[in-house]
Every structure is written in C-alpha cells, then in structure tokens.
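Breakdown of the fold
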Amino acid sequence: MTTRIAVTGAAGRMGKMLIEAISKAEGTQLTAAIERPDSTLIGADAGELAGIGKNGVAVVGNLTEVLDDFEVLIDFTAPQATLANARLCSEHDKQMVVGTTGLTAEQRAELQAHGSSTALCIAANYSTGVNVCLKLLDMAAKVMGDDMDIEVYEAHHRHKVDAPSGTALAMGEVVAKALGRDLDKVAVYGREGQTGARERETIGFATVRGGDVVGDHTVMFMAEGERVEITHKASNRMSFARGAVRAAKWLSQQSPGIYDMQDVLGLK
Ligand code: NAD
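Calculation criteria
- Residues numbered from 1 in each chain as written.
- Predicted model: local features only at pLDDT ≥ 70, side-chain atom pairs only at ≥ 80, totals over all residues.
- Heavy atoms only, no water.
- Salt bridge = Lys/Arg side-chain N within 4 Å of Asp/Glu carboxyl O.
- Helix = DSSP H or I, 4+ residues; strand = E, 2+ residues; numbered from the N terminus.
- Buried < 20%, exposed > 50% of the residue type's maximum accessible area, 1.4 Å probe, protein only.
- Phe/Tyr/Trp six-rings, centres within 6.5 Å; stacked < 30°, edge-to-face > 60°.
- Near = heavy atom within 4 Å.
- Polar contact = N/O pair within 3.5 Å; in protein donor to acceptor, adjacent residues only side chain to side chain.
- Areas by Shrake-Rupley, 256 points an atom, 1.4 Å probe, with all protein chains shown as cover.
- Nonpolar A, V, L, I, M, F, W, Y, C, P; charged D, E, K, R; others polar.
- Patch = residues over 30% accessible without salt bridge, like charges linked within 9 Å, V, L, I, M, F, W, Y side chains within 5 Å.
- Pairing = 2+ DSSP bridges.
- Right-handed = clockwise from strand over helix to strand, strands pointing away.
- Contact = heavy atoms within 4.5 Å.
- Axes fitted to C-alpha atoms, helices over the stretch in contact; angles between N-to-C directions.
- Domains from an automatic or database assignment.
- Disulfide = S-S within 2.5 Å.

Considering the pattern of salt bridges
Scanning the model with the defined rule gives 18 salt bridges in all. With a shortest N-O distance of 3.3 Å, R198 and D149 are connected by a salt bridge. Placement of the pair is R198 in the loop between β8 (187-188) and β9 (203-209) and D149 in strand β7 (residues 149-156), with a sequence separation of 49 residues. The salt bridge involving R227 is made with E229; its shortest N-O contact spans 2.8 Å. By relative accessible area, R227 is classed as exposed at 55%.

A closer look at the packing of aromatic side chains
Considering all chains together, one arrives at three aromatic pairs under this definition. Ring plane angle 50° and centroid distance 5.8 Å describe the contact between F76 and Y126, whose orientation is recorded as tilted. Here the residue F76 occupies a position in the loop between β4 (72-75) and α3 (79-91), and Y126 occupies one in the loop between β6 (119-122) and α5 (128-144), the gap between them amounting to 50 residues. With a relative accessible area of 15%, F76 lands in the buried category.

Digging into the site of the ligand
Residues in contact with the ligand amount to 20 residues; listed here are only the nearest, R13, M14, E35, T101 and Y126. Backbone polar atom of Y126 to an oxygen atom of the ligand: 2.9 Å apart, as the coordinates give it. Burial of the ligand by the surrounding chains reaches 78%, relative to a free accessible area of 870 Å². Counted by class, the shell around the ligand contains eight nonpolar, eight polar and four charged residues.

Some thoughts on a nonpolar patch on the surface
A cluster of nonpolar residues, V132, L136, M139 and V143, forms a patch on the protein surface that exposes about 380 Å² of accessible area. Here V143 is to be found in helix α5.

A closer look at the pairing of strand β5 (residues 95-98)
On a regular strand, one side chain projects to one face of the sheet and the next to the other, so that they alternate. In β5, alternate side chains face the same way, and those of Q95 and V97 on one face and M96 and V98 on the other are all buried. Of the strand pairs in this sheet, β4 and β5 are connected by four bridges, and their pairing is parallel. Paired with I74 across the strands is V97, a residue of β5. In this fold, the crossover linking β4 to β5 by way of α3 has right-handed handedness. Bridging between β5 and β6 involves three bridges; their strand directions are parallel. Counted as the bridge partner of V98 is I122 from β6.

Looking at the sheet that holds strand β2 (residues 28-34)
Strands sit in the order β3-β2-β1-β4-β5-β6-β12 across an open sheet of seven strands; the sheet is parallel. Looking along the sheet, the strands with just one partner apiece sit at the ends: β3 (59-60) and β12 (257-259). Bridging between β6 and β12 involves three bridges; their strand directions are parallel. Counted as the bridge partner of A119 is G257 from β12. Running over the sheet, helix α4 (residues 105-113) touches β5, β6 and β12 and is turned about 145° from β6.

Focus on the domain arrangement of the chain
Domain assignment breaks the chain into domain 1 (3-122 + 237-264) and domain 2 (128-234). Domain 1 and domain 2 are separated by 28 Å when their C-alpha centres are compared. Counting residues at the interface gives seven residues for domain 1 and ten residues for domain 2. Joining domain 1 to domain 2, the criterion identifies zero salt bridges.

Some words on the side chain of T28
Within the secondary structure, T28 is located in strand β2. Assessed through its relative accessible area of 11%, T28 is described here as buried. At 3.5 Å, the side chain of T28 forms a polar contact with the backbone oxygen of A25.

Observations concerning the sheet that holds strand β11 (residues 226-234)
Here we have five strands laid out as an open sheet, ordered β8-β9-β7-β10-β11, and mixed in their pairing. The sheet terminates laterally at β8 and β11, the two strands that pair on one side only. As paired strands, β7 and strand β10 (residues 215-223) are joined by seven bridges and run antiparallel to one another. Bridging from a neighbouring strand, E151 pairs with M220 of β10.

Quick word on the state of the cysteines
Counted according to the given criterion, the structure contains zero disulfides. Between C121, a cysteine without a disulfide, and C89, which holds the nearest cysteine sulfur, the sulfur-to-sulfur distance is 13 Å. The closest cysteine sulfur to the non-disulfide-bonded C133 is located on C121, 18 Å from its own sulfur. On the accessibility criterion, C133 (7% relative accessible area) is buried.

Below, the structure is given as structure tokens:
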C-alpha cells in the first residue's frame, strides 16, 4: 500500500530534502506540495524545486486546495504555520508529522490537543541516531546522573532562529525526567559574570551558531576524575528527512494520539 504524502514548506531546506526522501522511499508518494501563499514558487514543479527532476506535483499556496490529495502531511515550517495546519489536519482526519521546532509551551499544548482527533508524530529530531542517543541518555542519567554535573552543548548553522535547539531541549528533558527533576526549574540557559559555584541539580545549556553546521549535540556527565560524553553529529539533513518519511508511513497505520520518533522506532 502506498502512503500519499503532502509536504508543506516545500521550498525550505528540509522541504526539498523531504521531497527527495519520499521519491527514494518504498511505499510512499508525494501527492501535494505547499508553500507560503506569497511565495514566488507557487506553480513550480516540486521535483524540479528539489533538484530531482520533474514529478508533476505543482506547488500550491494553501493547504485547503489539496486536502483531498493526501493522507499524511509532513510539516517542517514555522510555529504559526504548523498550528494552522494542525487545525486543518485534525478537522479533516489527516495524520501529521511535525518537525517544526521553537514552539512555546502554549503552542505545544495546542498542538497536542489535536491528538484527540487525529494521529500526530511530534519530534524535535527525526534522525535515528539522535533517537538512539536519547535512549542512551536515559540509561546514563539513571545509573550515574545523581553523582555528576550534566551539561548540554549544541552547535547549528548561522540561519537557525531558535535556541537552544529543540533536540538539546529534548535531551535535557530526557535527563531531567530520568532524575525526577523539572527541567523548567533546573535549566540554566546562559552564564555570565559572578555566577557562583555550580549547583549539582542544574542542567546547563551552551549554544554555538555559525557557518553551515547541520547539527552537533553533546551531553556531558562530569564528575571528579571522569567524564562521559554522548555525542551526535549530523553532516547532512537527509537523516532527518528519511526519519520523517519513515514516521509518515508508520503514522498512516495508527489511531488518533500523540506519538514521537521513539514510538516509530519501537524504542519505548
Ligand atoms: P527553512 O526556513 O529553510 O524552511 C521553512 C519553509 O517553510 C520556508 O520555505 C517557508 O517559506 C515555509 N513556510 C513558512 N510559513 C509557511 C506557511 N504558512 N505555509 C507554507 N510554507 C510556509 O527552514 P528549515 O531549515 O527547513 O527548518 C524548518 C523547521 O524545521 C525549523 O523549525 C527547524 O528547526 C525544524 N527542523 C526540524 C528537524 C527535526 O528533525 N525535527 C530537522 C531540521 C529542521
């Protein structure tokens, strides 16, 4: 059975990768491509846009124009656009793979509420490697986290607009949850001046932005005499796109609810 997929944000860095990944995956077909209504690329061929040759799917400027053409929407755009699309998907019984990061707590809650009417997969990072790292972090935190200082470092390209990255926050959440801490209370997002000595319970975040770094993440567990580092480095966005397409295929078989990449990979 073929899963018919729509990609919104089709002209974006991830949108183009997704179009290519769908063309290479077994059992999936790109049947709609959407961009902002004011985009100069409306009407363009989505395959040509992604550099894989014509595929006959014209980019449209509004999701409502193509609601009959797909089963699962993959959305890597921006928070406001993602929320508007989630409302449409839940009203019209479409599944949705959400890759957009930088949502506020209220926006996340609004997105998750749609899980009562349709199936959504929400993940800050769709790469298989990062999701295996999340599992390793849970184990490391449970075994040794209470006796160590824990810090999260991330680096991304100069165009990224939110910080820390959604993946860094997801890593912090996994560690905090494993240790019974509330990340909102223990996170330290920057240090400057007379900060005082580090408190054991805190989880620090350090952010670097520059160049074309696709995404580096390291979580450090530090104690007297030893340090454990769990690192993931993405060198290409295709790992995220492949994971999102895998999630779309999996999601098409699920009942309404909120899922993440750990569910897709069977890591729970
Ligand atoms: P980008 O700016 O290159 O692309 C975003 C695209 O969305 C643009 O083409 C823009 O025109 C389009 N867009 C914005 N509003 C729209 C609307 N209302 N309707 C249709 N299209 C709209 O950004 P990017 O690097 O592709 O990243 C997009 C998002 O995905 C960011 O939030 C980023 O952090 C996130 N991301 C997530 C993962 C993951 O694995 N979860 C991986 C990479 C990026």
